[in-house]
Amino acid sequence: MIRRAAAAVLCLALVLCLSGFSPAPKRYQAEFFGLFDTVTTLVGYAPDRASFTALAQKTQDLLREYHELYDIFNTYHGVANLKTVNDTAARAPVQVDPRIIDLIEFSRALYEETGSAVNIAMGAVLRIWHEARLRGVDNPAGAAVPDMDVLRRAAEHTNLDDVIVDREQSTVYFADPYLRLDVGAVAKGFAVEQVARRLEEAGVKNLLISVGGNVRAIGGKPDGAREIPWAVSVRNPNGTEDLCTVNVFSSSVVTSGGYIRRFTVAGEEYHHIISPETLMPSRHFLGVTVRCRDSGLADALSTALFNLPWEAGCALSAKMPEVEVLWVFPDGNIRTTAGFFAVETGAAV
Ligand code: ADP
Ligand code: MG
């Protein structure tokens, strides 16, 4: 009897094996800190925990490479990164990894497309705000808004044309000795996009990557024999709960908001997205969410649209049919482009 049952199990295993059957993938999640000054969350589907852990490790390793290259605050042994560039590129051209050149050139294109609403050469101005915020958070009683004369003088050193890139030599040179790069508006999304593409090329099919809310989907979620979109939450900038959910398949959702990285002076809040025109935190919106395929584009655009009045933002997004936008106004009102809530399906991709 036992022998007959064992033979039946063996037979079934052989049939499943020959028919190419593999067990339904299970959902796994991983979380790690320390990259891009935020938390990274991965959700994926794999036949077993070991293969998901290997994928999570690979994703983390790839993200770390970009994190080290694009860091403007820290140096890493053997890496010429953006801090190295900021510290030395005014003296002589600095040789860098081509991925630094890629980020600068991508940012230059977005600077031009958005009428300079996002400018990575604003480092001199952004550093003043960054330091004011650190001091204000550290010692709220002594918090102060930066002096406008000091901001204006710094703004004289924010011309992206003074960032001279030589792609052949892979070098960066600053023609203005006081210019500094700050890639906070673009680096996370650009890095996530490059990593997602490398994983896709390596055959990864179903993974949701979120680096501090900068979300990029690879494929959809397995659901039996088909795949369904990932449901991605957009946070309510007025509170801690979710504002809405969008359904994405192989694309990105990125939010820029004035509700993080803030400090208070005389009861007034000051956040970290600075208008190149006023040199003050932009006050058009509480948050702007961009949804499109390319996560680098979504990140750069969400910051740019946060800095642009609604009409200008509408005109800009109308020129980019693949881009969908949600704006949250200071009074809590919401406006979106027509397709913002459209449900993506695998077929449409
Ligand atoms: P998050 O901090 O959530 O990634 P953003 O993508 O909007 O949000 O990036 C904000 C960061 O971008 C700021 O912390 C600062 O480093 C930088 N930044 C702020 N204003 C500008 C601007 N006008 N142009 C380019 N970068 C900016
Ligand atoms: Mg951004």
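Bear in mind that the values here come from a model prediction, so they are computed numbers and not experimental data.

Colleague: Which residues make up the pairing of strand E4 (residues 163-166), and what are the values?
Modeller: With four bridges connecting them, E4 and strand E5 (residues 171-174) associate as antiparallel partners. Within E5, the residue paired with Ile164 across the bridge is Tyr173. Between E4 and E5, which pair antiparallel one after the other, the connecting turn spans four residues, and Ser170 there sits at a positive phi close to 55 degrees.

Colleague: Lay out the layout of surface pockets in plain terms, naming residues and giving numbers.
Modeller: Approximately 220 Å³ is the volume attributed to the second largest pocket. Taken together, Ile72, Phe73, Lys83, Asn86, Asp87, Gly123, Leu126, Arg127, His130, Arg180, Leu181 and Asp182 make up the full set of residues lining the second largest pocket. At the level of elements, helix H3 (82-88) and helix H5 (123-138) are the ones that each hand at least two residues to the lining of the second largest pocket. Per element, the largest residue contribution to the lining of the second largest pocket is four residues, and it comes from H5. Grouping the amino acids of the lining of the second largest pocket by side-chain chemistry returns four nonpolar, three polar and five charged.

Colleague: Tell me about the domain arrangement of the protein chain, and name the residues and values.
Modeller: A common way to report how large an interface is uses the accessible area buried once the components associate. Domains assigned within the protein chain are domain 1 (25-70 + 202-348) and domain 2 (82-174). When each unit is reduced to the centre of its C-alpha atoms, the spacing between domain 1 and domain 2 is 23 Å. Each side of the interface is counted separately: domain 1 has 27 residues, and domain 2 has 27 residues. Both faces considered, domain 1 and domain 2 share a buried interface measuring about 2,300 Å² in area, 76% of it formed by carbon and sulfur atoms. When the buried surface of domain 1 facing domain 2 is broken down by residue, Tyr70, Phe263 and Leu279 rank first, second and third, together holding 29% of it. Linking domain 1 with domain 2 are one salt bridge, by the criterion used here. Our count for the contact surface shared by domain 1 and domain 2 stands at five residue pairs in polar contact (both at pLDDT 80 or more). Contributing elements (two or more residues each) for the side of domain 1 that touches domain 2: helix H2 (49-70), strand E13 (263-265) and helix H8 (295-307). If one sorts the elements of the side of domain 1 that touches domain 2 by residue count, H8 sits on top with seven residues. Grouping the constituent residues of the side of domain 1 that touches domain 2 by class yields 18 nonpolar, six polar and three charged.

Colleague: Go over the coordination of the magnesium ion (ligand 2), please, and point to the residues and values.
Modeller: Surrounding the magnesium ion (ligand 2) are the protein donor atoms Ala185 (O), Asp299 (O), Asp299 (OD) and Thr303 (OG1), at 2.0 to 2.4 Å. All donor residues of the magnesium ion (ligand 2) come from one chain, and their arrangement in sequence is A-x113-D-x3-T. Taken together, the residues Ala185 in the loop between E5 and helix H7 (187-201) and Asp299 in helix H8 connect sequence positions 114 residues apart.

Colleague: Report on helix H9 (residues 310-318), specifying residues and quantitative values.
Modeller: Given 3.6 residues to a turn, an α-helix orients residues that are three or four positions apart in the same direction. Listing the buried residues of H9 in full gives Gly313, Leu316 and Ser317. Considered in projection along H9, the buried side chains sweep an arc of 95 degrees and stay on one side of the axis. Structural note: H9 exposes Glu311 and Ala318 on the side pointing more than 90 degrees away from its buried face. In this structure, the buried residues of H9 make contact with helix H4 (98-113), H8 and strand E16 (324-328).

Colleague: Explain the site of ligand 1 residue by residue, including any values.
Modeller: Taken together, 19 residues lie around ligand 1, and Asp182, Lys188, Ser256, Ile274 and Thr303 are the ones closest in. Here ligand 1, which alone exposes 570 Å², has 92% of that area covered by the protein. The element best represented in the shell around ligand 1 is H8, accounting for three residues. Among the domains, domain 1 (25-70 + 202-348) and domain 2 (82-174) are the pair contributing at least three residues each to the shell around ligand 1.

Colleague: Break down a negative patch on the surface for me, citing the residues and quoting the values.
Modeller: Taken together, the side chains of Glu112, Glu113, Asp161 and Glu322 define an acidic patch exposed on the protein surface. For Glu322, the position within the fold is in the loop between H9 and E16.

Colleague: Hey, could you go over unusual backbone geometry for me, with residue numbers and the actual values?
Modeller: Even without being glycine, Asp37 reaches a positive phi, approximately 60 degrees. Considering the arrangement of structural elements, one finds Asp37 in the loop between strand E1 (26-35) and strand E2 (38-46). For Ser170, which is not a glycine, the phi torsion comes out positive at approximately 55 degrees. Along the chain, the position of Ser170 falls in the loop between E4 and E5.

Colleague: Please give an account of the pattern of salt bridges that cites residues and values.
Modeller: Taken as a whole and judged by the stated rule, the model has 15 salt bridges. Between Asp87 and Lys83 there is a salt bridge, with the nearest N and O atoms lying 2.9 Å from each other. Taken together, the positions of Asp87 and Lys83, both in helix H3 and four residues apart, correspond to about one turn of that helix. Note that Arg262 is salt-bridged to Glu269, the shortest N-O span being 3.6 Å.

Procedures and definitions
- Residues numbered from 1 in each chain as written.
- Chains lettered and ligands numbered in written order.
- Predicted model: local features only at pLDDT ≥ 70, side-chain atom pairs only at ≥ 80, totals over all residues.
- Heavy atoms only, no water.
- Pairing = 2+ DSSP bridges.
- Helix = DSSP H or I, 4+ residues; strand = E, 2+ residues; numbered from the N terminus.
- 1 Å grid on protein atoms, 1.4 Å probe; cavity = no way out; pocket = protein on both sides within 12 Å on 5 of 7 lines; lining within 4 Å.
- Points joined across faces, edges and corners; volume = space filled by probe spheres on them.
- Nonpolar A, V, L, I, M, F, W, Y, C, P; charged D, E, K, R; others polar.
- Domains from an automatic or database assignment.
- Contact = heavy atoms within 4.5 Å.
- Buried area = accessible area lost by both parts, 1.4 Å probe.
- Salt bridge = Lys/Arg side-chain N within 4 Å of Asp/Glu carboxyl O.
- Polar contact = N/O pair within 3.5 Å; in protein donor to acceptor, adjacent residues only side chain to side chain.
- Donors = N, O, S within 2.8 Å, 3.2 Å for Na, K, Ca; no water.
- Buried < 20%, exposed > 50% of the residue type's maximum accessible area, 1.4 Å probe, protein only.
- Arc of directions from axis to C-beta.
- Near = heavy atom within 4 Å.
- Areas by Shrake-Rupley, 256 points an atom, 1.4 Å probe, with all protein chains shown as cover.
- Patch = residues over 30% accessible without salt bridge, like charges linked within 9 Å, V, L, I, M, F, W, Y side chains within 5 Å.
- Lys, Arg positive; Asp, Glu negative; His and termini not counted.
- Charge placed at Lys NZ, Arg CZ, Asp CG, Glu CD.

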